[in-house]
Amino acid sequence: MGFRLANIGGRAALTAGKAYFDLEGASGGELGPDPMAALSDPARLSAIAAALDESQATGPLAGAVLGPPVPRPSKVFGVGLNYRTHALEAGHPIPDNPLVFTKFPSCLVGPTADVEMRSGHCDYEVELVVVIGPGGRDIAAADAWNHVAGLTAGQDISDRALQFESDPPQFSLGKSYDTFGPTGPVLVSPDTLDDPNDLRLSTHINGEIRQDDTTANMIFTVAELVAYLSGVATLATGDLIFTGTPHGVGGPQGQYLADGDVISTSIEGIGDMTNRCVMAGGA
Ligand code: ZN
């Protein structure tokens with residue numbers, strides 16, 4: 001059931017077990033190599049994935065360099081304070097409505113890319129990322145999952161110095177430095193998961209656990225976020241929604257990311273990312 005879709009060398013690929021299958025080849029040329037083009041028809045991807053023949057694998061996943069599964073979305077939404085415990089640690093009341101900002105798509109990188117920091121106040125935030133399949137406007141919450149092509153893992157990297165240097169603070173720029181959106185390792189269709197509304201997610205920094213929660217503790221669910229956002233903007237195929245982070249981010253503890261730190265991100269049923277931090281431009 002379902003499919004796991006990766007970006008390997010800029011080409012869409014389905015993964016199965018330890019192998020990957022270039023999508024253009026696996027579809028007999030019906031689908032091109034563009035990872036964006038594959039997302040509008042999740043049912044077609046599931047059918048192709050179900051028919052994969054292991055002897056026809058393009059290559060082993062081990063050693064393949066993965067890019068962001070959705071490299072060029074038209075929109076990337078972020079949701080702030082969407083877990084009760086994170087709202088509390090950040091010193092905010094539980095929100096009555098979603099707090100929404102944007103991450104500009106140019107921040108997206110793959111699951112093993114370096115995170116390039118410009119200050120000593122950068123922070124990690126593990127997040128479940130929703131990928132829109134068939135787009136739409138005014139989508140009802142009850143119909144929302146029919147518009148979701150899949151889920152992937154993300155880090156909503158934030159430069160807290162830039163985020164809070166204005167008053168009131170602004171989120172979008174401080175979360176949009178190039179490389180501040182690691183995503184991956186693959187996009188999985190929701191039907192591959194036992195319960196897409198209850199996924200364990202965690203962040204380790206240099207092997208030390210910092211965040212560990214489940215998406216079941218989100219304040220606004222995936223379906224509610226799709227409904228809310230689509231009531232404002234038409235959602236397009238490939239649009240991303242970073243759904244917020246649980247407690248344990250570094251800022252409130254004064255534990256910012258340092259040059260050479262390794263961020264390990266994991267979401268149950270989706271996979272793991274490993275991103276190294278590098279200080280760029282001094283500081
Ligand atoms: Zn976030």
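What you are looking at is a predicted structure, and each value in this text was computed from that prediction instead of being measured.

A. Representation of the coordination of the zinc ion in the model. At this site the zinc ion is bound by Glu-125 (OE), Glu-127 (OE) and Asp-156 (OD), with donor distances of 1.9 to 2.1 Å. Between consecutive donors of the zinc ion, the numbers of intervening residues give the motif E-x1-E-x28-D. In this pair, Glu-127 is assigned in strand S11 (residues 126-132) and Asp-156 in the loop between strand S12 (148-155) and strand S13 (158-159), connecting sequence segments 29 residues apart. Glu-127 gets classed as buried once you look at its relative accessible area, which sits at 0%. What makes Asp-156 buried here is its relative accessible area of 0%.

B. Molecular detail of the pairing of strand S3 (residues 19-22). Of the two faces of S3, the one holding Ala-19 and Phe-21 and the one holding Tyr-20 and Asp-22 are both buried throughout. With antiparallel pairing between neighbouring strands as the criterion, strand S2 (residues 11-16) and S3 make up a hairpin whose turn holds two residues, including Gly-17 at a positive phi of roughly 60 degrees. When S3 meets strand S4 (residues 59-60), the two strands line up antiparallel, connected through two bridges. Note that in S4 the partner of Tyr-20 across the bridge is Gly-59.

C. Molecular detail of the layout of surface pockets. Considered as a void within the structure, the largest pocket measures approximately 330 Å³ in volume. Elements represented by at least two residues in the lining of the largest pocket include exactly strand S6 (76-80), helix H3 (84-89), strand S7 (99-102) and helix H4 (160-163). Within the lining of the largest pocket, the residues separate by chemical class into eleven nonpolar, seven polar and seven charged. Size it by volume and the second largest pocket reaches roughly 170 Å³. Taken together, Phe-3, Pro-42, Ala-43, Ser-46, Pro-134, Trp-145, Asn-146, Val-148, Ala-149, Ser-189, Pro-190 and Asp-191 make up the lining of the second largest pocket. Elements represented by at least two residues in the lining of the second largest pocket include exactly helix H2 (42-50) and S12.

D. Quick peek at the sheet that holds strand S15 (residues 200-205). Pairing within the open sheet is mixed, and its five strands lie in the order S9-S19-S18-S15-S16. Edge positions in the sheet fall to strand S9 (115-117) and strand S16 (208-214), since each has one partner strand and no second. On average, adjacent strands in this sheet sit at an angle of 20 degrees to one another, irrespective of strand direction. As judged from the six bridges shared by strand S18 (residues 262-267) and strand S19 (residues 271-279), these two strands associate in the antiparallel manner. Bridge assignment links Ser-266 to a residue of S19, and that residue is Asp-272.

About the thresholds
- Residues numbered from 1 in each chain as written.
- Predicted model: local features only at pLDDT ≥ 70, side-chain atom pairs only at ≥ 80, totals over all residues.
- Heavy atoms only, no water.
- Donors = N, O, S within 2.8 Å, 3.2 Å for Na, K, Ca; no water.
- Helix = DSSP H or I, 4+ residues; strand = E, 2+ residues; numbered from the N terminus.
- Buried < 20%, exposed > 50% of the residue type's maximum accessible area, 1.4 Å probe, protein only.
- Pairing = 2+ DSSP bridges.
- 1 Å grid on protein atoms, 1.4 Å probe; cavity = no way out; pocket = protein on both sides within 12 Å on 5 of 7 lines; lining within 4 Å.
- Points joined across faces, edges and corners; volume = space filled by probe spheres on them.
- Nonpolar A, V, L, I, M, F, W, Y, C, P; charged D, E, K, R; others polar.
- Axes fitted to C-alpha atoms, helices over the stretch in contact; angles between N-to-C directions.

Take it as geometry only, folks, not as evidence of what the structure does.
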